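Letter by letter, the chains look like this.
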Amino acid sequence: MSALALYRRSLGNFRDTMTIVRRRFAVRPARYPRIPWGVWLLAWALLTVAIFLRLDAGAGEMRGEWSPGFVRFTDFFTQFGLGGWYLIPAALCLVVANLTDWRGLSRQGRMLVYNWTCFAFLVLCTVGLSGLAVNVLKYGIGRARPLYFDSFGVLSLHPFAMDARFAGFPSGHATTMGAVFGILLLLLPRRWYIALAITACIASTRVFVGAHYPSDTVAGFGLGLAFAVISGLVFARLGFIFGQTGSKLPVRKRTFRLGPSRAPRGRASTAGPVRAN
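What counts and how
- Residues numbered from 1 in each chain as written.
- Predicted model: local features only at pLDDT ≥ 70, side-chain atom pairs only at ≥ 80, totals over all residues.
- Heavy atoms only, no water.
- Helix = DSSP H or I, 4+ residues; strand = E, 2+ residues; numbered from the N terminus.
- Buried < 20%, exposed > 50% of the residue type's maximum accessible area, 1.4 Å probe, protein only.
- Contact = heavy atoms within 4.5 Å.
- Areas by Shrake-Rupley, 256 points an atom, 1.4 Å probe, with all protein chains shown as cover.
- 1 Å grid on protein atoms, 1.4 Å probe; cavity = no way out; pocket = protein on both sides within 12 Å on 5 of 7 lines; lining within 4 Å.
- Points joined across faces, edges and corners; volume = space filled by probe spheres on them.
- Nonpolar A, V, L, I, M, F, W, Y, C, P; charged D, E, K, R; others polar.
- Polar contact = N/O pair within 3.5 Å; in protein donor to acceptor, adjacent residues only side chain to side chain.
- UniProt positions renumbered as here; feature names shortened; annotations may be inferred.
- Core = buried A, V, L, I, M, F, W, Y, C linked by side-chain atoms within 4.5 Å.
- Patch = residues over 30% accessible without salt bridge, like charges linked within 9 Å, V, L, I, M, F, W, Y side chains within 5 Å.
- Salt bridge = Lys/Arg side-chain N within 4 Å of Asp/Glu carboxyl O.
- Expected span 1.5 Å × (residues − 1).

## A word on the overall build of the chain
Then, in step 1: Within the chain one finds 9 helices and 2 strands.
Then, in step 2: Scanning the chain from its N terminus toward the C terminus, one meets helices and strands in the order α-α-α-α-α-α-α-α-α-β-β.
Then, in step 3: With the C-alpha coordinates aligned to their principal axes, the bounding extent of the chain is approximately 65 × 45 × 40 Å.
Then, in step 4: Taking all 277 residues of the chain together, the buried fraction comes to 38%.
Then, in step 5: Of all intrachain contacts in the chain linking residues separated by at least 6 positions in sequence, the fraction that spans at least 24 positions is 76%.
Then, in step 6: With the model as given, the accessible surface of the chain reaches about 16,000 Å², and the carbon-plus-sulfur share is 66%.

Printed below as a string of structure tokens:
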């Protein structure tokens, strides 16, 4: 296939996607569940303040006193809080989907590519937008990191210093983990405790490597989770991955599968083509 034909296919797929999104926004009313955001924001703020008062000073004093083996262990796992682990595969998935000849796929293949495209877009929105927000906040607030506890103390603010030393609150890694937890919470609500344990442990490694105070990680984790829930609500309105229901959180559609569906023998697959309305 020539480069020009590939470009035309890519442009056509992009236009079709934008048409579907605009049409669904137009015909589907903005009926979002009444989530008590004020209550959750207050609880999040109070928890962050409580952690700050009880743990941050101790974490600053303990900096450098952890055993080298434990620090190496946490330093390995803290890398999984980098947004690139999630953004790069999601972006590549969208590029592949954009270059795919959807009309040449079978009904089942089209649904599979459609689900992966929606999932990649959810990850890109949740992790990407929360990452942009946390960077604006952390440099705008300018809190000194615990690595410089002896010089600046537990609460030294340098707004818009644009210096990595003063980019402690909130934690970017913890924000990514909060976003990942939110995605898993929406997709696998019955396994939320497993997802919370894994993501919270990875977020907490930022404390042991001396990059953040405990309150930085709590604030970042809550920020990422909030972006995941909001993204899920918007996706539910559009009918992507989730459906609009009377429950507080979006509920995953039965047709959303990231693996090939297995239709019962003797029956045709019930997966229909992607509709634009």
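## A look at the layout of surface pockets
Then, in step 1: Taken as a whole, the largest pocket spans an internal volume of roughly 860 Å³.
Then, in step 2: The set of elements that each furnish at least two residues to the lining of the largest pocket consists of α2 (37-62), α7 (172-187), α8 (192-208) and α9 (214-238).
Then, in step 3: Per-element tally for the lining of the largest pocket: the top contributor is α9, with 8 residues.
Then, in step 4: Class assignment for the residues of the lining of the largest pocket results in 23 nonpolar, 3 polar and 1 charged.

## Looking at the side chain of S171
Then, in step 1: Secondary-structure assignment places S171 in the loop between α6 (149-152) and α7.
Then, in step 2: A distance of 3.5 Å separates a polar atom in the side chain of S171 from the backbone nitrogen of H173.
Then, in step 3: A distance of 3.1 Å separates the side chain of S171 from the backbone nitrogen of A174, its partner in a polar contact.
Then, in step 4: Discounting chain neighbours no more than four positions away, the residues touching S171 are V134, R206, H212, D216, T217 and G220.

## Quick word on empty space enclosed by the protein
Then, in step 1: By the definition in use, this model includes 1 cavity of 30 Å³ or more.
Then, in step 2: What lines the largest cavity is a set of 12 residues, and nearest its centre among them are P33, L233, A236, Q244 and T245.
Then, in step 3: Ranked by residues supplied to the lining of the largest cavity, first place goes to α9 with 3 residues.
Then, in step 4: Residue composition of the lining of the largest cavity, grouped by class: 6 nonpolar, 4 polar and 2 charged.

## Notes on the UniProt feature "domain: Phosphatidic acid phosphatase type 2/haloperoxidase" (unreviewed entry) in the chain
Then, in step 1: As annotated in UniProt, the feature "domain: Phosphatidic acid phosphatase type 2/haloperoxidase" (unreviewed entry) corresponds to residues 122-232 in the numbering used here.
Then, in step 2: Summarising residues 122-232: 68% helix, 0% strand, and an end-to-end C-alpha distance of 8 Å.

## Things to note about the UniProt feature "transmembrane region" (unreviewed entry) in the chain
Then, in step 1: Mapped onto this structure's residue numbering, the UniProt feature "transmembrane region" (unreviewed entry) falls at residues 37-56, 76-100, 112-137, 166-187, 194-213 and 219-243.
Then, in step 2: Between the end C-alpha atoms of residues 112-137 there is a gap of 37 Å, over a span that is 100% helix and 0% strand.
Then, in step 3: Taken end to end, residues 194-213 is 75% helix and 0% strand, and its two terminal C-alpha atoms sit 24 Å from one another.

## Side note on the nonpolar core
Then, in step 1: In terms of nonpolar packing, the biggest core is built from 24 residues, with Y114, L122, L187, F235, F240, I241 and F242 touching the most fellow members.
Then, in step 2: Listing elements by their share of this core, those giving two or more residues are α1 (3-27), α4 (84-99), α5 (107-141), α7 and α9.
Then, in step 3: Formed by 9 residues, the second largest nonpolar core is a distinct cluster that contains F181, L185, A195 and A203.

## Brief notes about a nonpolar patch on the surface
Then, in step 1: A contiguous nonpolar patch, built from M1, L6, V95 and L99 and spanning about 360 Å² of accessible area, is present on the exposed surface.
Then, in step 2: Relative to the assigned elements, L6 resides in helix α1.
Then, in step 3: On the accessibility criterion, L6 (31% relative accessible area) is partly exposed.

## Describing unusual backbone geometry
Among all residues except glycine, the phi angle is most often negative; among peptide bonds, the trans geometry is most common.
Then, in step 1: Following F169, the chain continues to P170 via a peptide bond in cis, the omega torsion being -5°.
Then, in step 2: Residue position: P170 is located in the loop between α6 and α7.
Then, in step 3: In this structure, I241 takes a positive phi of about 70° despite not being glycine.
Then, in step 4: Summarising the element assignment, I241 is placed in the loop between α9 and β1 (242-243).
Then, in step 5: We classify I241 as buried; its relative accessible area is 3%.

## Considering α8
Then, in step 1: Over its 17 residues, α8 runs 25 Å from end to end, which matches the ideal 24 Å to within 8%, given 1.5 Å per residue.
Then, in step 2: Those residues of α8 that are buried are in contact with α2, α3 (68-78), α7 and α9.
Then, in step 3: Two residues or fewer after α8 comes G210, characterised by a positive phi angle close to 80°.

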